[in-house]
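Understanding the architecture of this molecule
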Amino acid sequence: MGGHDLWLILVVAIAAGAAWGFVAVADAMSEGESHAVDRYIVTALRDAGDPANPVGPRWFEEVARDVTGLGGVAVVTLMSLAVLAYLLLRRAYTNAIVIAIAVVGAQLASTLLKIGFGRPRPDLVPHLAQVYTASFPSGHAMVSTAVYLTFATQLATLHRDHLIRGYLIAIALVLVVLIGASRVYLGVHWPTDVLAGWAAGGTWALLVWAGTRFYASQRQRAS
């Protein structure tokens, strides 16, 4: 067994751990075990005397709305089209197909999971952003994790410099964390919604990456 095979096994194992994390969070949510912590965190981020006012300076609220938009359908779609166009111009057709699969799959899975769980949005504090779907899991957290990590891994394959690869992964992770945190700060998600979104999105991104590496290794061995 080569080093490449060991890496694939490790990635699949991490994906399995992320999937288990999603199931654990979903179970805790369904049983009501996480409700006290969810309520505490959501209310702790608001002024005790005025729940409509989040903690922190006024400009920070606007920053949070700007950041949360990075995980919205419109921005993710535009970013996906931009990255796809770049890859097509580079004739990196396999990478483009992988990203298209990751984006469509993540959006579809997020929609189905929301319908399946049907968890209501937080009702303890006023929402500081518009919402139209169920709460669990966070679509912003799930889709941004799946899509931005896939962007990073696919773009990283076009570079041999490990510093550039690390930078791409780091930027994706920072965006994912900020987007998820902004959803709780704005009062539109329970913390467990975001944790579940990160876990589900991470699972999908890792499986997509593992699948592409396995496909590439099989093609290399066949040639």
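From a predicted model like this one, the values you see are computed outputs, not experimental measurements. (Residues numbered from 1 in each chain as written. Predicted model: local features only at pLDDT ≥ 70, side-chain atom pairs only at ≥ 80, totals over all residues. Heavy atoms only, no water.)

What to know about the nonpolar core
- Ranked by size, the top nonpolar core spans 19 residues in total, and within it Val-83, Leu-87, Ile-99, Val-147, Tyr-148 and Phe-151 carry the most contacts.
- Secondary structure elements with two or more residues in this core: α4 (73-89), α5 (93-117), α6 (139-156) and α7 (162-185).
- The biggest single contributor to this core is α6, with seven residues.
- Not counting chain neighbours up to four residues away, the residues in contact with Ile-99 comprise Val-83, Leu-84, Leu-87, Thr-150, Phe-151 and Gln-154.
- Membership of the second largest hydrophobic core comes to nine residues, among which are Phe-22, Ala-26, Met-142 and Ala-200. (Core = buried A, V, L, I, M, F, W, Y, C linked by side-chain atoms within 4.5 Å. Buried < 20%, exposed > 50% of the residue type's maximum accessible area, 1.4 Å probe, protein only. Helix = DSSP H or I, 4+ residues; strand = E, 2+ residues; numbered from the N terminus. Contact = heavy atoms within 4.5 Å.)

Focus on the packing of aromatic side chains
- Summed over all chains, the structure comprises six aromatic pairs.
- Plain terms: the ring middles of Phe-22 and Phe-117 are 6.1 Å apart, the flat faces sit at 75° to each other, and that makes the pair edge-to-face. Separated by 95 residues along the polypeptide, Phe-22 in helix α1 (residues 3-30) and Phe-117 in helix α5 bring together distant segments of the chain.
- A relative accessible area of 32% means that Phe-117 is categorised as partly exposed.
- Taken together, a centroid distance of 4.8 Å and an interplanar angle of 70° make the contact between Phe-117 and Phe-136 edge-to-face. (Phe/Tyr/Trp six-rings, centres within 6.5 Å; stacked < 30°, edge-to-face > 60°.)

Some thoughts on unusual backbone geometry
- In this structure, Pro-137 follows Phe-136 across a cis peptide bond, with omega equal to -10°.
- Looking at the secondary structure, you find Pro-137 in the loop between α5 and α6.
- We note that Arg-91 has phi near 60°; this positive angle belongs to a residue other than glycine.
- Mapped onto the fold, Arg-91 is located in the loop between α4 and α5.

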